[in-house]
Structures are given as structure tokens and as C-alpha cells.
Amino acid sequence: MKAQRENQKRQWSLRDFEIGKPLGKGKFGRVYLAREVKSQYLVALKIIFKEQIEKYRIHHQLKREMEIQTSLRHPNILRLYGWFHDNERIFLILEYAHRGELYRELKKKGYLSEKQAATYISSLSNALAYCHKKDVIHRDIKPENLLLDHEGRLKIADFGWSVQSRSKRHTMCGTLDYLAPEMVENKAHDYAVDNWTLGVLCYEFLCGAPPFEAESQKDTFRRIMKIDLTFPYDRHISDEAKDLIGRLLVRDSSKRLSLEKILGHPWIVKNADPLDTSRE
């Protein structure tokens, strides 16, 4: 897309796009399918109302999200091509992921095969290794924030809670079922919170629900702190998959399996589609 090279050289406006069907809506705005008039290239246009930014005081968070996502170039990370604004709204020009949220696919299927789960975990590990090299911690990896393109390739889509930092952080953020123990305890945390989340996701992909789900927030927190990990009797989960999950869902963050070792784990090597993360 020519727009990728030009996005910061030119001033975009709404006149540059034909707006199509709605793709979804969040707390702060809506996302529409759009076509860039000159190139006829399909994009997703995320529209955020300035009134909402004021109301929830998310100026700093949004600016950080835009700066981080614009700087990232990886086949498993959704591109942010550019942005513009008018009096009432901010418009983010995003890569269009044709097949939508992985969350929808997971809900429809109930759970994923070991091959599909391993391919997604491999893709995520590659993308997060790239982020961590750039000192970016994502802090909110979950199925709702993972999109699939027309080839079924996974894309990390939402960097709203991400941060670029070499020092440990103290903000408790993210989504309840995916929080690492150090976040639950409000202790300092680093990139290892993303490794923990890969363990939660791997379990959810194979079993259909996050491992520490409970009736109340308090019970979920308690289960996370105890690492109360059990596998359903009615699903066959291979010993290799259980081994990988067990090596990621470790209370001591320094002892969690590294992203490099995830990619070399026997379960990933045996099951993941190597083409999924190498296609450019």
C-alpha cells in the first residue's frame, strides 16, 4: 500500500476514504471497513470520539498506543498505517484483518486442535519476541485482541495497555483471567507477564476456557495465586502440551519458559505450521 510509505508525509482526511460496513465497536469508538480512494486498498478505520478521550482521560494511553503500534513491523502484528482527526473524532488507519477476532472462531469451535493451537502460540511467541527486543510489553494478550487475516494468519491487534520500557512496571492492567500473579499482587512486573499469558491462552485454545476461570473475581485471583491448574477429563490434551502450559504458568516470573524456548519446545516443533510466521 502506497499509503504505508506516505502516511506520515501527507495529511489524511475523511475525503480519502469510502466508508463501508461496521466491523465492531469498543468502549471508546467504532471500527469500519474502508477503502482508500486513490489506491482502492481496503483498511479498517477506527473512529474514537474526543469526548470519550476527555471523559476517560486516556490521552496519554492513546498517544502511547499509536506511537508503539506505528513503530512495529511484523507479519503477526496488525499495522497502524497512520491517523488523522477532525473537531470531534480521531481516526486510526489500520490493516484490515478479513476474518476478524480469534475470539469468535474459538467460541464457534469450542476449542482448537493441537496443530492450530501450536501454530497460534508459535506466531504469538515470534511476535512477542520481536516486541520484547524493542522493549515493548503488550500486557493484554487475549482472544479478543487477536485478529485473523484472509489467510488465517494471526495478528496482535490492540496495544492499548502496552508500554515501552526497560524498567519494571507497577500499573495493574489487562484482563482478569489473563493476569499474572505479580499483577494480581500489585508487584512490579516485566515482559514475563506476556509469557504467562501465552500459557493461559494455550490452555484456553485447547480446553475452550481460561484455566483459572471462577464465579467471582476474588476466586479467580485466588486460583491464579495458587496456580490451581487442572485439565478437563473430557478433552484429550497431549502430555507435551500440558508440559508447555505448566512451564509457563509458574508463579516465579524468572522461571517461566523464555519465548525462544517456547519456539523450541517439542510440542511447538511437532505441531506448529512453520509457514504461518515466515510468510511476509
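It should be noted that the structure appears before, not after, this text.
As the structure is a prediction and not an experimental result, all values here were calculated from the model.

(A) Quick peek at the overall build of the chain. Helix and strand content of the chain: 12 helices and 10 strands. Projected onto its principal axes, the C-alpha coordinates of the chain cover approximately 55 × 40 × 35 Å. For the chain, buried positions account for 51% of its 280 residues. Relative to all contacts within the chain whose residues are 6 or more apart in sequence, the contacts with residues 24 or more apart total 63%. When the accessible surface of the chain is summed, it comes to about 14400 Å², and 49% of that surface belongs to carbon and sulfur atoms. Of the charged side chains in the chain, 49 are positive and 39 negative, and the gap between their average positions amounts to 3 Å.

(B) Quick look at the layout of surface pockets. By volume, the largest pocket amounts to about 1100 Å³. Around the largest pocket, the lining comprises 40 residues; the ones closest to its centre are Val31, Lys46, Glu144, Asn145 and Asp158. Mapped by element, the contributors of at least two residues to the lining of the largest pocket are strand 1 (17–25), strand 2 (29–36), strand 3 (41–49), helix 3 (59–71), strand 5 (89–95) and strand 6 (100–101). Residues that form the lining of the largest pocket fall into these classes: 16 nonpolar, 11 polar and 13 charged.

(C) How the structure looks around helix 5 (residues 114–133). The end-to-end C-alpha distance of helix 5 is 28 Å, a good match for the 28 Å that 20 residues give at a rise of 1.5 Å each. The element helix 5 is largely enclosed, with a buried count of 15 among its 20 residues. A positive backbone phi angle near 65 degrees is found at Asp135, which sits one or two residues after helix 5.

(D) Spatial organisation of the sheet that holds strand 9 (residues 154–156). Overall, antiparallel pairing links the three strands, which are arranged 6-8-9 in an open sheet. Looking at the sheet topology across the chains shown, the edges are occupied by strand 6 and strand 9. As judged from the three bridges shared by strand 8 (residues 146–148) and strand 9, these two strands associate in the antiparallel manner. Within strand 9, the residue paired with Leu147 across the bridge is Lys155. Where helix 5 meets the sheet, it contacts strand 8 and strand 9, and its direction lies at approximately 35 degrees from that of strand 9.

(E) Summary view of the pairing of strand 4 (residues 80–85). Here strand 4 pairs with strand 5 via five bridges, running antiparallel. Bridge pairing links Gly82 to Ile93 in strand 5. What sits between the antiparallel neighbours strand 4 and strand 5 is a turn of three residues.

(F) Summary view of empty space enclosed by the protein. Counted under the stated rule, the structure contains one cavity of 30 Å³ or more. Put simply, the largest cavity is a space of about 60 Å³. Lining of the largest cavity is provided by 11 residues; of these, Arg139, Tyr178, Leu179, Met183 and Thr197 occupy positions nearest its centre. Broken down by class, the residue content of the lining of the largest cavity amounts to seven nonpolar, two polar and two charged.

(G) Seen up close, the environment of Pro211. Within the secondary structure, Pro211 sits in the loop between helix 7 (192–207) and helix 8 (217–226). Taking relative accessible area as the criterion, Pro211 reaches 3% and is therefore assigned buried. Remark: the alpha-carbon pair of Pro211 and His74, spanning 137 residues in sequence, is separated by 29 Å. Among residues more than four places away in sequence, those in contact with Pro211 are Val200, Tyr203, Arg223, Asp228, Leu229 and Leu249.

(H) Highlighting the pairing of strand 5. Counting buried positions over the seven residues of strand 5 gives six, a clear majority of the element. Pairing geometry for strand 3 and strand 5, over seven bridges, is antiparallel. Looking at the pairing, Val43 lines up with Glu95 of strand 5.

(I) Representation of unusual backbone geometry. Although it is not a glycine, Arg139 sits at a positive phi angle of roughly 75 degrees. Relative accessible area serves as the criterion here: at 6%, Arg139 is assigned to the buried category. You will see that Asn186, though not glycine, has its phi angle at about 60 degrees, which is positive. With respect to the helices and strands, Asn186 occurs in the loop between helix 6 (181–184) and helix 7. Exposure remark for Asn186: the relative accessible area of 48% places this residue in the partly exposed category.

(J) A look at the state of the cysteines. With the rule as written, the count across this model stands at zero disulfides. Here Cys202 is not disulfide-linked; the sulfur of Cys207 is the nearest cysteine sulfur, at 8.7 Å. Assessed through its relative accessible area of 0%, Cys202 is described here as buried.

Reading the values: the criteria
Residues numbered from 1 in each chain as written. Predicted model: local features only at pLDDT ≥ 70, side-chain atom pairs only at ≥ 80, totals over all residues. Heavy atoms only, no water. Helix = DSSP H or I, 4+ residues; strand = E, 2+ residues; numbered from the N terminus. Buried < 20%, exposed > 50% of the residue type's maximum accessible area, 1.4 Å probe, protein only. Contact = heavy atoms within 4.5 Å. Areas by Shrake-Rupley, 256 points an atom, 1.4 Å probe, with all protein chains shown as cover. Lys, Arg positive; Asp, Glu negative; His and termini not counted. Charge placed at Lys NZ, Arg CZ, Asp CG, Glu CD. 1 Å grid on protein atoms, 1.4 Å probe; cavity = no way out; pocket = protein on both sides within 12 Å on 5 of 7 lines; lining within 4 Å. Points joined across faces, edges and corners; volume = space filled by probe spheres on them. Nonpolar A, V, L, I, M, F, W, Y, C, P; charged D, E, K, R; others polar. Expected span 1.5 Å × (residues − 1). Pairing = 2+ DSSP bridges. Axes fitted to C-alpha atoms, helices over the stretch in contact; angles between N-to-C directions. Disulfide = S-S within 2.5 Å.

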